[in-house]
Amino acid sequence: MATAAARELLADRTVFHLDEEQWQAFDAALSREARDVPGLAELMRTSTVLDEGP
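Residues numbered from 1 in each chain as written. Predicted model: local features only at pLDDT ≥ 70, side-chain atom pairs only at ≥ 80, totals over all residues. Heavy atoms only, no water.

Looking now at the overall build of the chain. For the chain, the count of helices and strands is 3 helices and 0 strands. Counted from the first residue to the last, the chain has its helices and strands arranged as α-α-α. Here the chain has a C-alpha radius of gyration of 16 Å; the compact-globule value for 54 residues is 10 Å, and the former is much larger. For the chain, the spread of C-alpha atoms along the three principal axes comes to 40 × 30 × 15 Å. (Helix = DSSP H or I, 4+ residues; strand = E, 2+ residues; numbered from the N terminus. Rg over C-alpha atoms; globule rule 2.2 N^0.38 Å.)

Turning next to a nonpolar patch on the surface. A surface patch of nonpolar side chains, about 410 Å² in accessible area, is lined by Leu18, Trp23, Phe26 and Leu30. Along the chain, the position of phenylalanine 26 falls in helix H2 (residues 20-31). Taking relative accessible area as the criterion, phenylalanine 26 reaches 39% and is therefore assigned partly exposed. (Patch = residues over 30% accessible without salt bridge, like charges linked within 9 Å, V, L, I, M, F, W, Y side chains within 5 Å. Areas by Shrake-Rupley, 256 points an atom, 1.4 Å probe, with all protein chains shown as cover. Salt bridge = Lys/Arg side-chain N within 4 Å of Asp/Glu carboxyl O. Buried < 20%, exposed > 50% of the residue type's maximum accessible area, 1.4 Å probe, protein only.)

Detailed reading of the predicted coordinates is not advisable wherever pLDDT is low. In the predicted model, the chain carries a mean pLDDT of 86, and 98% of its residues have values of at least 70. Mean pLDDT across the secondary structure elements of the chain bottoms out at helix H1 (residues 2-11), with 76, and peaks at H2, with 95. (pLDDT = per-residue confidence, 0-100.)

In this fold, alanine 11 is placed in helix H1. For alanine 11, a relative accessible area of 57% corresponds to the exposed category. Along the backbone, alanine 11 and arginine 35 are 24 residues apart, and their C-alpha atoms lie at a distance of 28 Å.

Using the criterion set out here, one finds 1 aromatic pair in the structure. Geometrically, the ring pair formed by tryptophan 23 and phenylalanine 26 is tilted, given 5.6 Å between the ring centres and 50° between the ring planes. Of this pair, tryptophan 23 and phenylalanine 26 are both found in helix H2, 3 residues apart, which corresponds to roughly one turn of the helix. (Phe/Tyr/Trp six-rings, centres within 6.5 Å; stacked < 30°, edge-to-face > 60°.)

Turning our eyes to something else, we now look at H2. Across its 12 residues, H2 extends 16 Å between first and last C-alpha, which sits within 8% of the 16 Å expected from 1.5 Å per residue. Among the residues of H2, the N-terminal cap falls to aspartate 19, whose side-chain oxygen and the backbone nitrogen of glutamate 21 are separated by 3.1 Å. (Expected span 1.5 Å × (residues − 1). Polar contact = N/O pair within 3.5 Å; in protein donor to acceptor, adjacent residues only side chain to side chain.)

Next up, the structure:
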């Protein structure tokens, strides 16, 4: 029940408001060169409760 509610709430979030400090941190993170993160590819292939149907 809580998972479904969270899924619905976050699915509609397309705009996030950041103050200047948050924006600078976000922009810096996006500007960094990509790097391999051990286990990330496997994690992204793993099913989660968000993949389950209603």
